[in-house]
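Spelled out from the first residue to the last, the chains are:
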Amino acid sequence: MTQEYTPPKVWTMDKESGGKWASINRPDSGARHQQALPVGKHPLQLHSLATPNGQKVTIMLEELLAKGVSAAEYDAYTIDIGEGDQFSSGFVAINPNSKIPALVDNSGDEPIRVFESGAILLYLADKFGHFIPKDHAARTETLNWLFWLQGSAPYLGGGFGHFYAYAPEKFEYPINRFTMEVKRQLDVLDKQLANNTYIAGDEYSIADMAIWTWYGNLVLGHLYDAAEFLAVGSYTHVVRWANNVAARPAVQRGRIVNRTWGETWEQLDERHSASDIDQVLNQRP
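Remember, predicted model here, so these are calculated numbers, not experimental data.

> Provide a residue-level description of the nonpolar core, including the pertinent values.
In this structure, L124 and W241 are the most contacted members of the largest nonpolar core, which totals 66 residues. Sort the elements by how many residues they give to this core and helix α6 (residues 206–219) lands first, with ten residues. Once you skip the residues sitting within four places of it in the chain, W241 turns out to touch L193, T197, Y198, I199, D208, I211, W212 and G216.

Okay, structure coming up:
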């Protein structure tokens, strides 16, 4: 039986919490070291990592390029969050919250910084006029689901993923608490997809890109090694949708950008042209 924890009257950080990523966690914000970010040749400069949140943006950019939007060409530089790259002065200037991804758009008279993955998706959709409906009601439905993801994914990642996969010790209460919530979320998606081809209706949108990187990867067995534990096969409509999205060439391209782990053919540290991705994917068995 574990000893019950009694919180102090005032919390102080006396030691690291332990487990993966613990060494980068602190209760304050801001830059921890001076370092400028590299700048490539394209107007769009992305600084990211191929986590689910990072994949949202690279998939969106590759989908735009697949539609022939040449102005969506981009340079993508890896931010190694395990090494604290997100706390450099250059990155904090783009995102004061020190979270990937972060984007700079240099196409106008003045640079525009865009941070938070959902905000970047919406920014790109509005800028280029794709993957978000023009009809007000349909646009609102798409945004409903985009913001659903932004509010729900922390329970999957920081909640379930942390306690199930990353915490230094396994505790029944938090695992049960967040497992129940993740399964409830999967049920929400399954019921929505029972009557819709895509998340917000018949059209593929930024809502699908955002949700797929978390819940699509989850049900396809690419997240936390938890597919069996969560019985993801029972969410048949989510699995159908996840496989359909995964088959899109732009998704296959975008998911490997800024990825530094896994098979050789799915790792691309930096991306500066379409040929960078081609060279990696051509190594697929």
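> Could you give an account of the pattern of salt bridges, naming the residues involved and the relevant values?
For the structure on display, the rule yields eleven salt bridges. Among the charged side chains, a network of salt bridges with common partners joins E62, E73, R253, R271 and D278.

> Tell me what's going on with the pairing of strand β4 (residues 112–115), and back it up with residues and numbers.
Bridge count for strand β3 (residues 102–105) against β4 is four bridges, and the pairing is antiparallel. Its bridge partner being in β4, D105 is matched across the sheet by I112. In this antiparallel pair of consecutive strands, β3 and β4, the connection spans six residues.

> Report on the side chain of Q192, specifying residues and quantitative values.
With respect to the helices and strands, the residue Q192 is situated in helix α5 (residues 172–193). By relative accessible area, which is 17% here, Q192 ends up buried. Each residue touching Q192, except ones within four places of it in the same chain, is listed here: E141, W145, I199 and A200.

Parameters and conventions
Residues numbered from 1 in each chain as written. Predicted model: local features only at pLDDT ≥ 70, side-chain atom pairs only at ≥ 80, totals over all residues. Heavy atoms only, no water. Core = buried A, V, L, I, M, F, W, Y, C linked by side-chain atoms within 4.5 Å. Buried < 20%, exposed > 50% of the residue type's maximum accessible area, 1.4 Å probe, protein only. Helix = DSSP H or I, 4+ residues; strand = E, 2+ residues; numbered from the N terminus. Contact = heavy atoms within 4.5 Å. Salt bridge = Lys/Arg side-chain N within 4 Å of Asp/Glu carboxyl O. Pairing = 2+ DSSP bridges.

By themselves these figures say nothing about function.
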